[in-house]
Amino acid sequence: MGTIGITKLIPFFLSLLLVTAVESSRIPFACNPRDSNTKNYPFCKTNLPIQYRVRDFIGRLTLHEKVGLLVNNAAPVPRLGIQGYEWWSEALHGVSNVGPGTKFTPQFSAATSFPQVITTAASFNQSLWEEIGKVVSDEARAMYNGGNAGLTFWSPNVNVFRDPRWGRGQETPGEDPVIAGKYAARYVRGLQGNDGNKLKVAACCKHYTAYDLDNWNGVDRFHFNAKVSKQDLADTFDVPFRTCVTEGKVASVMCSYNQVNGIPTCADPNLLKGTIRGDWKLNGYIVSDCDSVGVFYDNQHYTATPEEAAAAAIKAGLDLDCGPFLAVHTESAIRGGKLSESDVNNALINTVTVQMRLGMFDGEPRNQPFGHLGPHIVCRPDHDHLALEAARQGIVLLKNRGPLPLSTQRHRTIAVIGPNSDVTTTMIGNYAGIACGYTTPVQGIARYVKTIHEKGCANVACKGKELFGAAENAARQADATVLVMGLDQSIEAEFLDRTDLFLPGHQQELISRVAMASKGPTILVLMSGGPLEITFAKNDPHISGIFWVGYPGQSGGTAIADVIFGQTNPGGKLPMTWYPQDYLAKVPMTNMGLRADPARGYPGRTYRFYKGPVVYPFGHGLSYTSFVHTISKAPAMLGVPLGGRHTTASNTTAILNNAVNVTHAKCDRLSVGLHVNVKNTGERDGSHTLLVYSTPPAGHFAPEKQLVAFERVHVPANSEQQVRIGILVCRYLSIVDKYGIRRIPMGEHHIHVGDIKHSINLHVDALGEIKS
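How each quantity is defined
Numbers given for residues are sequential positions, taken from 1 along each chain in its written order. In view of the model being predicted, local features appear only for residues whose pLDDT reaches at least 70, and side-chain atom pairs are presented and counted only at 80 or more, with totals across whole chains, interfaces and linings using the full set of residues. Processing note: side-chain calculations cover all non-hydrogen atoms of the structure and skip hydrogens and water entirely. Starting at the N terminus, helices and strands are each numbered in turn, a helix being any DSSP run of H or I of at least four residues and a strand any DSSP run of E of at least two. For the radius of gyration, the atom set is restricted to C-alpha positions; the globular benchmark scales as 2.2 Å times the number of residues to the power 0.38. Whether two residues touch is decided by their heavy atoms; if any such pair falls within 4.5 Å, the residues are in contact. Note that accessible areas follow from Shrake-Rupley with a 1.4 Å probe, and for residues the cover is restricted to the protein chains shown. Residues counted as positive are Lys and Arg, residues counted as negative are Asp and Glu, and His and the chain ends are not counted. For the purpose of locating charges, the reference atoms are NZ of Lys, CZ of Arg, CG of Asp and CD of Glu. Any Lys or Arg side-chain nitrogen located within 4 Å of an Asp or Glu carboxyl oxygen qualifies as a salt bridge. Think of it in three bands: residues with accessible area under 20% of the maximum for their type are buried, residues over 50% are exposed, and the middle band is partly exposed, with areas taken using a 1.4 Å probe on protein chains only. Here the expected span of a helix is defined as 1.5 Å times the quantity of residues minus one. Only Phe, Tyr and Trp rings are paired, with Trp represented by its six-membered ring, and only when their centres lie within 6.5 Å; those with planes under 30 degrees apart are stacked, over 60 edge-to-face, the remainder tilted. Criterion for a charge above a ring: Lys NZ or Arg CZ within 6 Å of the ring centre, and within 35 degrees of the ring normal. Think of it this way: DSSP has to see at least two bridges between two strands before they count as a pair. To define a nonpolar core, start from buried Ala, Val, Leu, Ile, Met, Phe, Trp, Tyr and Cys residues and group those joined through side-chain atoms within 4.5 Å. Two cysteine sulfur atoms make up a disulfide if the distance between them is within 2.5 Å. Looking down the strands as they point away from the viewer, one classifies a crossover as right-handed if the path from the first strand across the helix to the second runs clockwise.

*Asks:* Got a minute to help me understand the overall build of the protein chain in this structure?
*Replies:* The secondary structure content of the protein chain amounts to 21 helices and 28 strands. The C-alpha radius of gyration computed for the protein chain amounts to 27 Å, which stays within 12% of the reference 28 Å derived for 772 residues, consistent with globular compactness. Across the protein chain, every contact between residues at least 6 apart in sequence was considered, and the portion connecting residues at least 24 apart equals 77%. Accessible surface, the protein chain: about 27800 Å² in total, of which carbon and sulfur atoms supply 51%. Put simply, the protein chain has 73 plus and 66 minus side-chain charges, and the middle of one group is 4 Å from the middle of the other.

*Asks:* Please explain the pattern of salt bridges as it appears in this structure.
*Replies:* If the charged atoms of two oppositely charged side chains come close together, the side chains can form a pair. Applying the stated criterion across every chain yields a total of 31 salt bridges. A salt bridge links Asp214 to Arg221; the shortest N-O distance between them is 3.2 Å. Each of the two residues, Asp214 as well as Arg221, counts as buried. Residue Arg600 is joined to Asp597 by a salt bridge in which the shortest nitrogen-to-oxygen separation is 2.6 Å. The exposure class assigned to Arg600 is exposed, which follows from its relative accessible area of 55%. Linked through salt bridges whose partners overlap, the residues forming this network are Arg168, Glu171, Asp214, Arg221 and Glu494.

*Asks:* Help me out: how do you make sense of helix 13 (residues 341–357) in this one?
*Replies:* Compared with the 24 Å implied by 1.5 Å per residue over 17 residues, the 24 Å span of helix 13 between its first and last C-alpha is a close match. One or two steps after helix 13, the chain reaches Gly359, where phi turns positive at roughly 85°.

*Asks:* In this structure, what is going on with the packing of aromatic side chains? I would like to understand it.
*Replies:* Centre distance and the angle of the planes are the two values used to describe a pair of aromatic rings. Scanning all chains against the criterion turns up 28 aromatic pairs. Seen in terms of ring centroids, Tyr583 and Tyr610 are 5.0 Å apart; in terms of plane orientation they differ by 70°. Their pairing is edge-to-face. Pair noted here: Tyr583 is in the loop between helix 19 (556–564) and helix 20 (606–609) and Tyr610 is in the loop between helix 20 and strand 17 (627–633), with a separation of 27 residues, a long-range link. Comparing Tyr583 with Tyr610, the two get one shared label, buried. One aromatic cluster is present, formed by Phe29, Tyr41, Phe43, Phe57, Tyr85, Trp87, Tyr285 and Phe361 through successive ring pairs. Positioned over the ring face of Tyr616 is Lys538, at 4.9 Å from the centre of the ring. Positioned above the aromatic ring of Tyr693 is the side chain of Lys705, whose terminal nitrogen or guanidinium carbon lies 4.1 Å from the ring centre.

*Asks:* Quick question: what am I supposed to make of helix 2 (residues 50–59) here?
*Replies:* An α-helix turns once per 3.6 residues; consequently, residues spaced three or four apart project the same way. Among all positions of helix 2, only Ile50, Arg53, Val54, Asp56, Phe57 and Ile58 are buried. Against helix 3 (63–67) and helix 13 lie the buried residues of helix 2.

*Asks:* Would you mind showing me how to read the pairing of strand 14 (residues 480–486) here?
*Replies:* A regular strand places its side chains so that they alternate between the two faces of the sheet. Extensive coverage of strand 14 is indicated by the burial of seven of its seven residues. Side-chain alternation along strand 14 places Ala480, Val482, Val484 and Gly486 on one buried face and Thr481, Leu483 and Met485 on a second face that is also buried. In the sheet, strand 14 pairs with strand 15 (residues 522–527) via six bridges, with the strands oriented parallel. Along strand 15, the bridge assignment pairs Met485 with Leu526.

*Asks:* What is the right way to read the sheet that holds strand 9 (residues 263–264) from this model?
*Replies:* Backbone-to-backbone hydrogen bonds join strands into a sheet, with any given pair of strands oriented parallel or antiparallel. One open sheet holds the three strands; their spatial order is 6-8-9, and the pairing between them is mixed. Only two strands of the sheet have a single neighbouring strand rather than two, namely strand 6 (225–226) and strand 9. Where strand 8 (residues 259–260) meets strand 9, two bridges bridge the pair, whose relative direction is antiparallel. Paired with Gln259 across the two strands is Pro264, which belongs to strand 9.

*Asks:* Help me understand the nonpolar core, please; the structure alone is not making it clear to me.
*Replies:* Most often, soluble globular proteins keep nonpolar side chains buried together rather than apart. Membership of the largest hydrophobic core comes to 117 residues, with the highest contact counts inside it found for Phe43, Phe57, Ile82, Trp154, Val250 and Phe361. In terms of residue count, helix 5 (residues 126–145) provides more of this core than any other element does, nine residues in total. For Phe57, the residues in contact, after removing those within four places along its chain, are Phe43, Leu69, Leu80, Ile82, Val352 and Phe361. Residues Ala226, Ala391, Leu398 and Val423 belong to the second largest nonpolar core, which totals 81 residues.

*Asks:* Is there a simple way to explain the state of the cysteines in this structure?
*Replies:* Between two cysteines, a covalent bond joining their sulfur atoms is known as a disulfide. Here the structure, examined in full by the defined rule, presents seven disulfides. Each sulfur in the disulfide pair Cys205 and Cys244 lies 1.9 Å from the other. When the S-S torsion is 80°, as for the bridge of Cys205 with Cys244, the disulfide is right-handed. Of this pair, Cys205 sits in strand 3 (residues 205–208) while Cys244 sits in helix 8 (residues 239–246); the two residues are 39 residues apart in sequence, bridging distant segments of the chain.

*Asks:* Whenever I open this one, the sheet that holds strand 20 (residues 659–661) confuses me. Can you help?
*Replies:* If you trace the four strands from one edge of the open sheet to the other, you get 19-20-26-25, paired in antiparallel fashion. Since the sheet does not close on itself, it has two edges, and those belong to strand 19 (655–656) and strand 25 (735–736), each with one partner. With two bridges connecting them, strand 25 and strand 26 (residues 742–745) associate as antiparallel partners. Looking at the pairing, Val736 lines up with Arg742 of strand 26.

*Asks:* Where do I start with unusual backbone geometry in this structure?
*Replies:* Peptide bonds are, in most cases, trans, and in most cases residues other than glycine have a negative phi. The peptide bond linking Lys206 to His207 adopts the cis configuration, its omega dihedral lying at 0°. Examined against the element boundaries, His207 turns out to sit in strand 3. Put simply, Leu404 and Pro405 share a cis peptide bond, and its omega is -5°. Mapped onto the elements, Pro405 comes out in the loop between strand 11 (396–400) and strand 12 (413–417). A positive phi is found at Phe124, a non-glycine position, where the angle reads about 50°. Assignment of secondary structure puts Phe124 in the loop between helix 4 (117–121) and helix 5. One non-glycine residue, Thr606, lies in positive phi territory at about 65°. As for its position among the elements, Thr606 is in helix 20. Look at Thr606 and you get buried, because its relative accessible area is 2%.

*Asks:* Explanation requested: the pairing of strand 12 in the structure shown.
*Replies:* Burial within strand 12 is extensive, with five of its five residues counted as buried. Neither face of strand 12 is exposed, since Thr413, Ala415 and Ile417 on one face and Ile414 and Val416 on the opposite face are all buried. The parallel pair strand 12 and strand 13 (residues 450–454) is bridged by helix 15 (residues 441–446), and the resulting crossover is right-handed. Both strand 12 and strand 14 contribute to a ladder of four bridges, which runs parallel. Paired with Ala415 across the bridge in strand 14 is Thr481.

Honestly, it's all geometry; don't read function into it.
Pasting the structure below:
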């Protein structure tokens, strides 16, 4: 979008007038200053501490009124001036109308639709993730002010993308738990803001925990019991959620449908009260995935009666039920002695506190810090530009045999072919709303050169070949061919896991035939959330280049064209491993194990534990230029001081099998400082993602390697940038033993940066001093 002209300023000012009119007439959620019967309640007085206001409010409720507040469509309390509230809104990569709390109307007809999370994750750009969150929350607040949305958004999804078939892998930041955690923390900060205890909107990290199967081979998420070792739970599945709570300060965590080791997650006090609220100290509420409480009663038969199910969930630490179950059965559970009213009070303390932190008990929205946001803030040109930039940064160049980037001088006519060549909603993936507008791939390419467009397949299922001939003819006429292929929500989605990794139907044949017919170079562009088995294309000499673009959002077509023609130098990296098809025969989706077991022929999962052949590895991504790394500064030895929160420096029980329990180490200042020089040796400016891995000493059931730091850095042509990285020893150089205890192995740790390796020897410093 271009500069705002005078014609665009007219609706801009009209929208300002409209939002002012709406705000002045809209009844606030609570504490209406124009209602003399309610405005003087202590819970409405903003000068009082929130804790006092919360208890005052709850103390005025009857039991029946309290129970009505335990569900997502919370009932109004008219006598106290409380409006009804819908808790369920979504903002995975833009304000979405998937949840009933958000709706699009003529006043708010659309919202900026950013790339799907898996694409944004491929940028490895933490500041970008936070900036997207800020824009999404601006638009969310504006829609709340206009009565079109709530303030509680059940996003992001930070489950680890453990299995390449998972239909919802597209929603996640990928297979690495450290990246997933960093993404969670930064996106949540963008959504919630940084104003102390106040919240711009309330985010929610989901789905806790070990949830990554929807419907595969007759097993669905409502009946699945994930059998997870303490080791895998602590060093993989819990990591993103811990980071989301402890670093991101998220206001909510959602428990999942599945059981973990025989107990529904929404009824497990060790997971909810013990871990989320106890160990991680969640300052917020815990909500069920929708109908999860009903699922563990009706589908899993975990309890004998619905009252027992309601009691189990609330006693375990569940504060809010997405679904009607608790509203229907909680009162009878109390009457039957299975639950106490104080248990309900404790749940309401957590939910109402979040509402007060959001300002929902502070009167009219227009008098609040974000009350000025209205329709003028939604779908702004700068928001569209950020969506475009996110798509550009997330595109991954998988293969380049030389012709890329294409030249507008040599390649004046482009054949644009494929079922995803002119799509719109496919580009925004799932959990999306109504986009502000679309630029499709063929439209983006047409901004550079003349195009000849043929679909080749009627849709991504590509069941027929009747359109192949026209596609081949187009390729014969053009100076170059761009094939836009891949998947959509009919192939991978919530409720729909894949059975294989191949391109659907006859897509592979279309690609090969068009590449053979093409007069000029053939470029393959793949849209998908999950990895694809494209060994045929990787090895085909007629295919000059391959891009993976994920689901690139509303401006995806512009981004794709910008990269193909070199306006943007690609810098994305794969956030997940691309496996060969035969890998799937060795790993049922129901096997939650991450570590390889050669005795059983089990190869392990993700780059951290799998050593077999791949189509493309985690972290793969090419550029139009080249980069060289050198480590300019790093310690060779580092002392780990004892004297942590659970021991003294003289306590020898702190050390077991030459590894120090992190609870016995002084962790606060314990960090490895690494200075890495990144030199761009090519003729083009480019952004490079620095991936830093660690390999611990052998013999600790540790990952083969583990990402410990990453940084995206822009380096102009023929210049050098220094990147300073701090690696927290207790967090990133530790491993988890089979009992789920995190320990720091003593001895030689290898730090890998690109093709270079540096060794650091860790040893116990019994004097409590850090030596380097």
